[in-house]
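Results of the structural survey
Residue-level listing of the chains:
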Amino acid sequence: MARLRGVAPGLALGLLVIDLMGMLVLSVVTPSFLSTYNLFVTGRDLSILLLVALAQMVVLSLGQMNLSIGSIGGLVAIIESGLMVRYGWPVPIALVAGLTLGIVCGVINGVLVDWTKINSFVLTLATSYVFAGINLGITHATPFYHIPSEISSFGQARVGPFPLMAAVTVVLTVLLAGFLYQVVLGRQLLAVGGNQLAARLSGLPVRRAVVTAHAISGFLAAVAGTLLMAQLAQGHPTIGATWVLPSFAGTIIGGAALSGGSAPVIGTVLAMVLISLIDDGLVLVNADPFWVQFLIGALILGAVVLGRTRLGDIMTFLLGARRASRQELSG
Amino acid sequence: VALRSSLGAQIGGRLSRSALVRQVALLALLIVTSGFWIFFSVAASGFTSDFNLFSLLRFAAIQITIGFAQMVALSIGDMNLAVGAIGGATGMFAGWVMQTLGLPPEVAVLFALAVGLLLGYGNALLITWTRINSFIVILATASLITGAMLIVTHAHPFSELPDSFTSFSEIGIAGLPISPLVLVMLGVAAALFFLYRNLSLGREMLAVGANRQAARMSGLSVDRVVLLTHGLSGALAATAGLMAIAADHTASPSLGSDWLLASFVSPAIGGTLLSGGLVSVPGTVLGGILLATISNGLLLVNIDNFWITVFLGVVLLLAVGLDRLTRAAGGVVS
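Overview of the structure. Remember, it's a predicted structure, so these values are computed and weren't measured experimentally.

Looking at the overall build of chain B
- Looking only at helices and strands, chain B features 13 helices and zero strands.
- Whereas a compact globule of 334 residues would reach a radius of gyration of roughly 20 Å, chain B reaches 20 Å, a difference of no more than 12%.
- Residue burial in chain B is summarised as follows: out of 334 residues, 54% are buried.
- For chain B, long-range pairs separated by at least 24 residues make up 77% of all intrachain contacts whose partners lie at least 6 apart in sequence.
- Element-wise, carbon and sulfur atoms account for 69% of the exposed surface of chain B, whose accessible area totals about 13600 Å².
- For chain B, the distance from the average site of its 13 positive side-chain charges to the average site of its 12 negative ones is 23 Å.

As structure tokens, this is what we get:
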């Protein structure tokens, strides 16, 4: 029961209700919301941005941040498409090389944070410039076009309204949740996030937890970059350039604490669904695209301010009251 | 008053322990900067031309002012992620006041500074009211500010700014290749130096940054300090925005979007502690000059702009790494 509450706190329930209401409103106001194509496009954006948010969440669960998610995703997409287009590498090998690079970038972040003890915000801000600079140094801001058709057709593939790439995201999300909630190292990672000193004194492998979290973050960023490359059908140097805000928005609205120790996977998923709905709704009603940025900012503020009056607290209060009355009855 | 002065004495004592290390670090920064000047004077043709020196110093002045906006927030142990958002929005606002309303530049400058001050103050109001982590609050407001600016302006630049405004950044002073913007920056630097060295508000800011809990226990009104600090940071961001539109001759909607790294680099190189409680105004000036010198010089010796981006990232890493070493050597615990 305790574990279940950790996975799906009351906040998630509130987000779920808001998401469902949002879908209802959108399908009434703009019937084209339910069109197969619109659902496909929205689902595809969601598949990519959810990985971006989870990449941030896994580092936030340590009480750290990763500002280099976007530049890792961009660098990986460029390296993969460059290897395939320029050097004619076979698709699987190029993808493995790219994803490995993502993990290596994450490990570099993790090792540097652990070794130098520099504030992870500033450290990953610095490495993000290094990764982005290498990306632009290689490409000179020109994309790699004509990536192999296996990749670009995967970006367009769908089953009914469901994009095929959503399968990748679903599998990775489930694996990440399983790792954080069931695997010893995942639990240790959350323990380190909860109280690093206590974790160190209890003999937990703090360094391994830090490096692992950053490596997972780098890997998820790399997958997100790869999927966006497939969607765009080109290795574009600006891939990932706008990911900082959504990465934090999804996790913070989803209920993560910047101080660490919490990894609200379901909350993050539902928050990203909400952001995708807003994004899609604005497109469908032909609103100024700049409203997206404004509304995400308002949403973050609204969510954290509401979070003070915690829907979750209300839920636990109600549950607690019910349990108390039950105890009273049984007593 | 007694409490306040004893707090000041404690901080003073702590500074004097590490003062030697910090002086040495500042001297080293000066030597490194001079070294780069000598190197580029020899290696990069045109580095010492009046035109190049003029644009280099003007660029440095803007970068340093951006750094000041961040340095002020860092002094109380906060980060102002909205430096770019506020600078961009106030720059666009000033452009609108001059071009659309047709008001004189002096009025636009005053309005823009007031808006910057209010935006920073608004951030701090949200932080102190809600007690939400300042990072999250400012992440959200930065997005709100930039979003609102783009919605209102439809991302159209203001490119017909009055000559009386833009020419201010162009004229040389007494025949020297120095833009008046450099004097603006030096004036701001002198004011900040005085604030942190001589005014009780400056000392209170450092006390809050060094140990917020201890400052509160000593009877400081921490909320008041936070409000004034973020207001000042916003006004400085607006100053940088005004300087940038004067130098660019246009207020562009992308203004400020790339300020985040620069805002941290100059203070970090100059020895300002990211965790708060310790600032160096001369260090930030030198840090900004070093940053501008390297960017300018590398371009002149035909090194690709993209590698300069990599270089800036590495410089920030080295700067904060050295910062930790300095702290260890100076015995400052925070």
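Let us keep going from here.
Digging into unusual backbone geometry
- Phi is positive for A:Ala233, close to 60 degrees, though the residue is something other than glycine.
- Looking at the secondary structure, you find A:Ala233 in the loop between helix H11 (206-232) and helix H12 (244-253).
- Non-glycine residue B:Asn302 carries a positive phi angle of around 65 degrees.
- Inspection of the secondary structure assignment puts B:Asn302 in the loop between helix H12 (281-300) and helix H13 (305-330).
- For B:Asn302, a relative accessible area of 71% gives the class exposed.

Notes on the environment of B:Ser263
Residues and elements named next belong to chain B.
- Relative to the elements of secondary structure, Ser-263 occurs in helix H11 (residues 260-270).
- Given a relative accessible area of 1%, Ser-263 falls into the buried group.
- Distance from Ser-263 to Asn-80, taken between C-alpha atoms, is 9.2 Å for residues 183 residues apart in sequence.
- Setting aside residues no more than four positions away along its own chain, Ser-263 makes contact with Ile-66, Gly-67, Gln-70 and Val-83.
- Among the polar contacts listed, one links the side chain of Ser-263 to the backbone oxygen of Leu-260, at a separation of 2.7 Å.

Quick notes on the interface of chain B and chain A
- If you look at the interface, chain B gives 39 residues, while chain A gives 38 residues.
- Here chain B is connected to chain A by zero salt bridges.
- Counting across the chain B and chain A interface gives four residue pairs in polar contact (both at pLDDT 80 or more).
- Elements with a contribution of two residues or more to the side of chain B that touches chain A: helix H4 (105-130), helix H5 (134-153), H11 and H13 of chain B.
- Examining the composition of the side of chain B that touches chain A, we find that 13 residues originate from one element, H5(B), more than from any other.
- Grouping the constituent residues of the side of chain B that touches chain A by class yields 25 nonpolar, ten polar and four charged.

Structural notes on helix H7 (residues 149-156) of chain A
All names here are of chain A.
- Taken together, the buried positions of H7 are occupied by Ile-151, Ser-152 and Gly-155. Here the buried residues of H7 occupy an arc of 90 degrees about the axis, which is enough to place them on one side. For H7, the exposed residues lying more than 90 degrees away from the buried face are Ser-149 and Glu-150.
- Buried residues along H7 sit against helix H3 (36-60), helix H4 (69-85), helix H5 (91-116), helix H8 (165-182) and H11.

So, the packing of aromatic side chains
- As enumerated under the stated definition, the model contains ten aromatic pairs over all chains in all.
- One aromatic cluster is present, built from ring pairs that chain together B:Phe36, B:Trp37, B:Phe39, B:Phe40 and B:Phe47.
- Looking at A:Arg158, its charged tip hangs above the ring of A:Phe40, at a distance of 5.5 Å from the centre.

Re the packing of helix H3 (residues 83-99) of chain B against H5(B)
Residues and elements named next belong to chain B.
- Following both chains from N to C, one finds H3 and H5 inclined at 25 degrees, their axes separated by 9 Å at the closest point. As judged from the angle between their axes, H3 and H5 are roughly parallel. Relative to H5, the crossing made by H3 is left-handed. Side by side, H3 and H5 meet where Ala-85, Ile-86, Ala-89 and Met-92 of the first sit next to Ala-142, Ile-145, Thr-146, Met-149 and Thr-153 of the second.
- Looking at the contact of H3 with H5, its residues break down into seven nonpolar, two polar and no charged.

What counts and how
Residue positions are given per chain, counting from 1 as you read along its sequence in written order. Just so you know, chain letters begin at A and ligand numbers begin at 1, following the order they were written in. Predicted model: local features are reported for residues with pLDDT of at least 70 only, side-chain atom pairs are reported and counted for 80 or more only, and whole-chain, interface and lining totals are derived from all residues. To obtain the side-chain values, all non-hydrogen atoms of the structure were used and water was disregarded. Helical segments are the DSSP runs of H or I of at least four residues, strand segments are the runs of E of at least two, and each set is numbered from the N terminus. Restricting the calculation to C-alpha atoms gives the radius of gyration, and the globule rule supplies 2.2 Å times the number of residues raised to the power 0.38. In this scheme, a residue with accessible area under 20% of its type's maximum is buried, one over 50% is exposed, and one in between is partly exposed, where area comes from a 1.4 Å probe on protein chains only. Between two residues, a contact is recorded if the distance between any of their heavy atoms is within 4.5 Å. Reported accessibility uses the Shrake-Rupley method at a 1.4 Å probe radius. Residues are deemed covered only where the shown protein chains occlude them. For this count, His and the chain ends are skipped, Lys and Arg are scored as positive, and Asp and Glu as negative. Charged side chains are reduced to one point each, which is NZ for Lys, CZ for Arg, CG for Asp and CD for Glu. The definition of a polar contact used here is a pair of N or O atoms within 3.5 Å, where within protein one atom must be able to donate a hydrogen and the other to accept one, and adjacent residues in sequence count solely through side-chain atom pairs. For salt bridges, the criterion is a side-chain nitrogen of Lys or Arg within 4 Å of an Asp or Glu carboxyl oxygen. Residue polarity is assigned by list, with Asp, Glu, Lys and Arg as charged and Ala, Val, Leu, Ile, Met, Phe, Trp, Tyr, Cys and Pro as nonpolar; anything else, Gly included, falls into the polar class. Picture the helix axis, draw a direction to every C-beta atom, and the arc is the one those directions span. Geometry of aromatic contacts follows a simple scheme: Phe, Tyr and Trp rings, the Trp one being its six-membered ring, pair when their centres are within 6.5 Å, and the pair is stacked under 30 degrees between planes, edge-to-face over 60, tilted otherwise. The rule is short: NZ of Lys or CZ of Arg within 6 Å of the ring centre and within 35 degrees of the ring normal puts a charge over the ring. Only the stretch in contact is used when a helix axis is fitted, and all axes are lines through C-alpha atoms; the angle between N-to-C directions ranges over 0 to 180 degrees. An angle below 35 degrees is read as roughly parallel, one above 145 as roughly antiparallel, one from 65 to 115 as roughly perpendicular, and any other as oblique. Throughout, a crossing is termed right-handed when the near helix is turned clockwise from the far one, and left-handed when it is turned anticlockwise from it by less than a right angle.

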